[in-house]
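Residues per chain, in single letters:
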Amino acid sequence: MLKKLLFCISLLFSLAFLCMQACALEVSAKNAVLIEYESGDIIFSKNSSCRAPMASTTKIMTAIVAIENGDLDKRIKIPSEAIGVEGSSIYLQDGEELTLRELLYALLLESANDASVAIAIEIAGSVEKFAEMMNDKARELGLEDTNFTNPHGLDDESHYTTAYDLARIARYAMQNPCFCEIVSTKKEIIPSLDGQRVLINHNKLLKSFEGAIGIKTGFTKKSGRCLVSCAERDGVRLIAVTLNAPSDWNDHAIMLGHGFNEYEHLSLADVGDYVLSLHCVNGRKDEIICGNLSALGITLKKGLSEQISARFECERFLFAPIKQGTRVGRIVYSINGDEIASLDICALERVLPIQNKKSIFERIFKRHGKN
C-alpha cells in the first residue's frame, strides 16, 4: 500500500514538472502547438483546439489534395477565373500554360492565390467543388474543427481550423515525397510568357533554423501572421504551428528548440539483429531460421530509453510449407507494459512440407501404438 502511495506521489510530481515546463514556454501566438512527427504526440500546446482563420497555410491542404488527385506533369491552360485573384500572386496570364508541378511550386513558395484557383479548377472543375474535396480529406483525417471554403485562405467566416488540426494536416502532407521536396525548396524557376519566373520560398526558417525542412507561411489582417514549420535533427522530426503570432519566427525557434532538447531518436534494432531458430511441424526440416529483415527506430522523450523492455511473440508451432520472408512473429517493445513499437520476425529460409502428406498422421498413429 505504501509503495502504491509513493508511486502516485511520484507520478503527480512528474506531471506537475511537465506542466511547469510547458508553461515555461512563452510564445506570442494566440494559438500554438508543437507535435512529434512519428507519433503525433503533443509536446506543447496553447489554445491549440480553438477554431481560428489560417490564411495561406490553407495551401498545405490545397497542395496535398492536388498531388493525390492530379497529374503533376500535365500542362494546364490557365483559366480566366485565376487571373487577377486578390492577394499574393505570380500574375498568371490568360491562356498561358504551366504544369501542375510548376503551379504547386508557385502555390507553396510564393503563396500564389492565382495558382491556387488554377489548381482547384483543373482538379475539380470549380473552386467550390475543390473546397468540397478539401473538406472530404479533412473528414478522412478525422478533423472535426476544420472547414474549407476556398483553396487560398482569403478571409471567410466559414473557413477555419485549429492549430492542432493544422499540425495533423501538415504531418499527413509531409509523408508525401513530392510535397516534402517542394516545401523544402528555397528557390525555383518556372516559365512565363515573357521568359521565366523566379520563385522564392517565403519560409525564412529554411535559412535561419538548423534542420528546417518546411512548410508554409500565411497572413491576412484578420488571421494575423500564421506559420507551419517542420524541422529534423538527429532523426527527431517536429512540426510546429502558430496562428495569429506577431513574432512567429521567434515562436517557432523557441518551440522547435524546446522539442529537440526534450526528445531523442533511438535505434531499437538494425537489420539482422535478431536471429533465432523456431520449431517447424510437417516440414522437411524440424527447425527454421528466422530473423528481422528491417531496422527499427523510435523517437522518445529523453530519459525513457532505460525503461524499454522487449519480448518475442510467436505461435507455438509453425506449419510447413513456409515461404522465405513470411512473417512468423514479432518483437514487442514496451515501457511499463505499454507497447511503443514492434518489429516483424520473418522466415529467413523456405521450408517445404514432407512429400508424403500422410506421413504425419502415420507417425501420430504409431505413437499411439496403432498401425
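Being a predicted model, the structure only gives us computed values, none of them experimental.

1. Some thoughts on the sheet that holds strand β17 (residues 338-347)
Right, so step 1: Ordered in space as β14-β16-β17-β12-β11-β15, the 6 strands form an open sheet in which the pairing is mixed. Two strands in the sheet have a free side with no partner beyond their single neighbour: β14 (308-314) and β15 (318-319).
Right, so step 2: Of the strand pairs in this sheet, strand β11 (residues 275-281) and β15 are connected by 2 bridges, and their pairing is parallel. Opposite cysteine 280, over in β15, you have leucine 318 as the bridge partner.

2. Describing the sheet that holds strand β8 (residues 224-233)
Strand pairing in a sheet relies on backbone hydrogen bonds, with the paired strands running either antiparallel or parallel.
Right, so step 1: Strands sit in the order β2-β1-β9-β8-β7 across an open sheet of 5 strands; the sheet is antiparallel. Edge positions in the sheet fall to β2 (42-46) and β7 (212-220), since each of these pairs with one other strand and no more. Neighbouring strand axes in the sheet, compared pairwise and without regard to direction, differ in orientation by 5° on average.
Right, so step 2: Where strand β1 (residues 31-36) meets strand β9 (residues 236-243), 6 bridges bridge the pair, whose relative direction is antiparallel. Within the sheet, the bridge partner assigned to asparagine 31 lies in β9 and is leucine 243.

3. Points about the side chain of threonine 99
Right, so step 1: Locating threonine 99 in the fold gives a position in strand β4 (residues 97-99).
Right, so step 2: If near-sequence neighbours (up to four positions away) are discounted, threonine 99 is found in contact with Leu72, Asp73, Lys74, Arg75 and Ile76.

4. A look at the packing of aromatic side chains
Right, so step 1: In total, this model carries 1 aromatic pair according to the counting rule given.
Right, so step 2: Where phenylalanine 209 meets phenylalanine 260, the ring centres are 6.4 Å apart and the plane angle is 20°; that geometry is what we call stacked. Placement of the pair is phenylalanine 209 in the loop between α8 (205-208) and β7 and phenylalanine 260 in helix α9 (residues 248-262), with a sequence separation of 51 residues. Each member of the pair, phenylalanine 209 as well as phenylalanine 260, carries the same accessibility label: buried.
Right, so step 3: In this structure, arginine 237 is placed above the aromatic ring of tyrosine 37, and the distance from its NZ or CZ to the ring centre is 4.9 Å.

5. Focus on the confidence of the model for the protein chain
Right, so step 1: Of all residues in the protein chain, 89% attain a pLDDT of 70 or more, and the chain-wide mean is 91.
Right, so step 2: Segment residues 2-23: pLDDT under 50, and 4 contacts once partners within four positions in sequence are set aside and those in other chains are kept.

6. Observations regarding helix α3 (residues 100-109)
Right, so step 1: Burial analysis of α3 places 9 of its 10 residues in the buried class, the great majority of the element.
Right, so step 2: Every buried residue belonging to α3 is among Leu100, Glu102, Leu103, Leu104, Tyr105, Ala106, Leu107, Leu108 and Leu109, and all of these are buried.

7. A look at the pairing of β7
Right, so step 1: Counting buried residues along β7, 7 of its 9 residues qualify, which places the element largely inside the surrounding structure.
Right, so step 2: Two strands pair when backbone bridges link them, and β7 and β8 are joined in this way by 8 bridges, in the antiparallel orientation. Among the inter-strand pairings, phenylalanine 219 is bridged to a residue of β8, identified as arginine 225.
Right, so step 3: Turn length for the β7-β8 hairpin, with the two strands adjacent in sequence and antiparallel, is 3 residues.

8. Points about empty space enclosed by the protein
Right, so step 1: Across all of its chains, the model carries 1 cavity of 30 Å³ or more by this definition.
Right, so step 2: What the largest cavity holds in volume is close to 30 Å³.
Right, so step 3: In this structure, the largest cavity is lined by Pro53, Met54, Ala55, Gly153, Asp155, Asp156, His159 and Lys222.
Right, so step 4: Per-class residue counts for the lining of the largest cavity are 3 nonpolar, 2 polar and 3 charged.

9. Let's talk about the side chain of asparagine 203
Right, so step 1: Inspection of the secondary structure assignment puts asparagine 203 in the loop between β6 (195-200) and α8.
Right, so step 2: A residue is classified by how much of its surface remains accessible, and asparagine 203, at 4% relative accessible area, is buried.
Right, so step 3: In this structure the side chain of asparagine 203 is engaged in a polar contact, spanning 3.1 Å, whose partner is the backbone nitrogen of leucine 205.
Right, so step 4: Here asparagine 203 is in contact with Gly214, Ile215, Thr217, Leu227 and Trp249, once residues within four sequence places are set aside.

10. A short note on the environment of lysine 186
Right, so step 1: Relative to the elements of secondary structure, lysine 186 occurs in the loop between α7 (177-183) and β5 (187-192).
Right, so step 2: The exposure class assigned to lysine 186 is partly exposed, which follows from its relative accessible area of 45%.
Right, so step 3: Residues in contact with lysine 186, not counting those within four places in the same chain, are Leu109, Leu199, Ile200, Asn201, Leu206 and Lys207.

11. Points about the pattern of salt bridges
Right, so step 1: Under the criterion given, the structure shown has 17 salt bridges.
Right, so step 2: With a closest N to O distance of 3.0 Å, glutamate 122 and lysine 74 form a salt bridge. Taken together, the residues glutamate 122 in helix α4 (residues 113-124) and lysine 74 in the loop between α2 (59-69) and β3 (75-77) connect sequence positions 48 residues apart.
Right, so step 3: Of the residues examined, glutamate 122 reaches a relative accessible area of 28% and is grouped as partly exposed.
Right, so step 4: Note on lysine 74: relative accessible area 41%, which makes it partly exposed.
Right, so step 5: Here glutamate 157 and lysine 222 are joined by a salt bridge, their closest N and O atoms 2.8 Å apart.

Basis of the calculations
Residues numbered from 1 in each chain as written. Predicted model: local features only at pLDDT ≥ 70, side-chain atom pairs only at ≥ 80, totals over all residues. Heavy atoms only, no water. Pairing = 2+ DSSP bridges. Helix = DSSP H or I, 4+ residues; strand = E, 2+ residues; numbered from the N terminus. Axes fitted to C-alpha atoms, helices over the stretch in contact; angles between N-to-C directions. Contact = heavy atoms within 4.5 Å. Phe/Tyr/Trp six-rings, centres within 6.5 Å; stacked < 30°, edge-to-face > 60°. Buried < 20%, exposed > 50% of the residue type's maximum accessible area, 1.4 Å probe, protein only. Lys NZ or Arg CZ within 6 Å of the ring centre and 35° of its normal. pLDDT = per-residue confidence, 0-100. 1 Å grid on protein atoms, 1.4 Å probe; cavity = no way out; pocket = protein on both sides within 12 Å on 5 of 7 lines; lining within 4 Å. Points joined across faces, edges and corners; volume = space filled by probe spheres on them. Nonpolar A, V, L, I, M, F, W, Y, C, P; charged D, E, K, R; others polar. Polar contact = N/O pair within 3.5 Å; in protein donor to acceptor, adjacent residues only side chain to side chain. Salt bridge = Lys/Arg side-chain N within 4 Å of Asp/Glu carboxyl O.

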